[in-house]
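Notes for the structure review
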Amino acid sequence: MTTSVTVPEDDTFYHPPQSLLEGEHGEVIWSRPLSGEAAIASARLNQLVLYRSRDVHGKPIAVSGIVALPRKPAPEGGYPIVSWAHGTVGCADTCAPSRDTVTSPAHPWNEYPHGLLSAFLDRGWAVAMTDYEGLGTDGLHPYLLGESQAHGILDIALAARRLFPAELSRKLAIVGHSQGGQAALFGAHHAPIWTPDLDLRGVAAMAPASGVHLLVAAGTTLDYAQPGFAFTALFLAGAIAGNPNINPEELLTVKAYSVWHHIHERARVELAKEDSWGGLKGNEQLRPEPNPSKKAFFDQLELMNPALRILAPIRISQAAKDQRIRADFTRTLHHQLAALNGPVNVTYKEYEEVSATHDPVELGFHFGLMDTDLPSLTRWLEERFADAEPEAPTASPR
């Protein structure tokens, strides 16, 4: 950890000088105790951390996140680590989970997973929560850019072990929801090469994003507006990070380009409003004629699909009635993962009914899955951390 600098107490914490970026990925730049809405109330300690990472082009960057420790004493060998990959909040810096406040438009989405994460802490597992590249820190967040998210997920586990070397073990599980489910699968894919010193025991993806190239292609044919078109802007942010040659002005219609700048300023829920991307008709998003940026955009979208070779056990869960991540897409992803990794290595659970949330419109079945899946998920993680033989995959109850 860097000791020759004063740790900023304000938001300059997220913007270190260039001189502090060079070094090994997973090293801590600086950290400080965290309180307030962003902290997990059930933790013994919440530490805000800024750590070194790399973007997909090899450039050194700083990424922020939170490390939370259980109240239980550390077992022999240290706490296992759960690296949590959060769902979609947007690309604006104020959406970052570690910056969360009750007045943030992203607060309901940042707050809801705390129940799940508290359950992990109660079981004696440390929790590491990346904000992802560019979310809170410099640069535009590369939404759904798999390798970028993988680096954030894995490097915060390294940073956590550097912060608390006597308390954390090498055992790691990656758990994510929605965007984070897709990110978790990429994290598991890259782990053997990026973080070979970590002992990845398994990856659990709840309602993982998949098949986004198909969704965008279908959406651009529609002659009506809908809030879901906010995601087109987010997809484009990730695609540009993967291929900087994509030119938004060449790709987008004049009307869509006029609201493109909202990506830097607004949470996902605000992008969905009628004065932004939610006010565009589907066929008003992209220019109809072929152009190099359009081809490059769809090439990047295909690369975001998390059908990947993964060496660790894989667990996928899904709510059948999820309106945000469609169950048919997740079933397809399950079959793709089973074909690539062997059916015995992939567990799939689909729930016909899930717990109700306090906000059925915005959170709905998509977030209710966390509550319904928690008992089964934690049993699966306990078996992974306890060196148990992998359980036989469970078929969908459908």
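Relevant structure appears above.
We now turn to the structure provided with this report. All values derive from a computational prediction rather than experimental measurement.

Let's shift gears to the environment of Asp-93. Within the secondary structure, Asp-93 is located in the loop between β4 (79-85) and α1 (107-111). With 174 residues separating them along the chain, Asp-93 and Ala-267 place their C-alpha atoms 8.9 Å apart. Ignoring anything within four residues of it in the chain, the contact list for Asp-93 reads His-15, Arg-99, Gly-134, Leu-135, Gly-136, Thr-137 and Gly-139. Looking at Asp-93, its side chain comes within polar contact range of the main-chain nitrogen of Gly-136, at 3.0 Å.

Estimates place the volume of the largest pocket at around 1,000 Å³. Along its surface, the largest pocket is lined by 43 residues, and Gln-226, Gly-228, Phe-231, Gln-323 and Arg-324 are the ones closest to its centre. If you list the elements that add at least two residues to the lining of the largest pocket, you get α5 (212-219), α6 (230-242), α9 (268-271) and α12 (364-385). Top element by residues in the lining of the largest pocket is α5. It accounts for six residues. Grouping the amino acids of the lining of the largest pocket by side-chain chemistry returns 24 nonpolar, 13 polar and six charged. Quantified by volume, the second largest pocket comes out at close to 380 Å³. Contributing to the lining of the second largest pocket are 23 residues, with Lys-59, Ile-61, Glu-133, Asp-138 and Gly-139 lying nearest its centre. Elements with a minimum of two residues in the lining of the second largest pocket: β3 (60-69) and α6.

Judged by pairing direction, the sheet is mixed, and its nine strands sit side by side in the order β1-β2-β3-β5-β4-β6-β7-β8-β9 without closing on themselves. Of all strands in the sheet, those with a lone pairing partner are β1 (28-33) and β9 (346-351), marking the two edges. Going across the sheet, the axis of each strand differs from the next one's by a mean of 20°, ignoring polarity. Strand direction decides the pairing type here: β4 and strand β5 (residues 126-130), joined by four bridges, are parallel. Of the residues in β5, the one forming a bridge with Val-82 is Val-127. Contacting β2 (45-54), β4, β6 (168-177), β7 (199-206) and β8 (314-319), helix α4 (residues 179-194) crosses the sheet at an angle of about 145° to β6.

Each value, and the rule that gives it
- Residues numbered from 1 in each chain as written.
- Predicted model: local features only at pLDDT ≥ 70, side-chain atom pairs only at ≥ 80, totals over all residues.
- Heavy atoms only, no water.
- Helix = DSSP H or I, 4+ residues; strand = E, 2+ residues; numbered from the N terminus.
- Contact = heavy atoms within 4.5 Å.
- Polar contact = N/O pair within 3.5 Å; in protein donor to acceptor, adjacent residues only side chain to side chain.
- 1 Å grid on protein atoms, 1.4 Å probe; cavity = no way out; pocket = protein on both sides within 12 Å on 5 of 7 lines; lining within 4 Å.
- Points joined across faces, edges and corners; volume = space filled by probe spheres on them.
- Nonpolar A, V, L, I, M, F, W, Y, C, P; charged D, E, K, R; others polar.
- Pairing = 2+ DSSP bridges.
- Axes fitted to C-alpha atoms, helices over the stretch in contact; angles between N-to-C directions.

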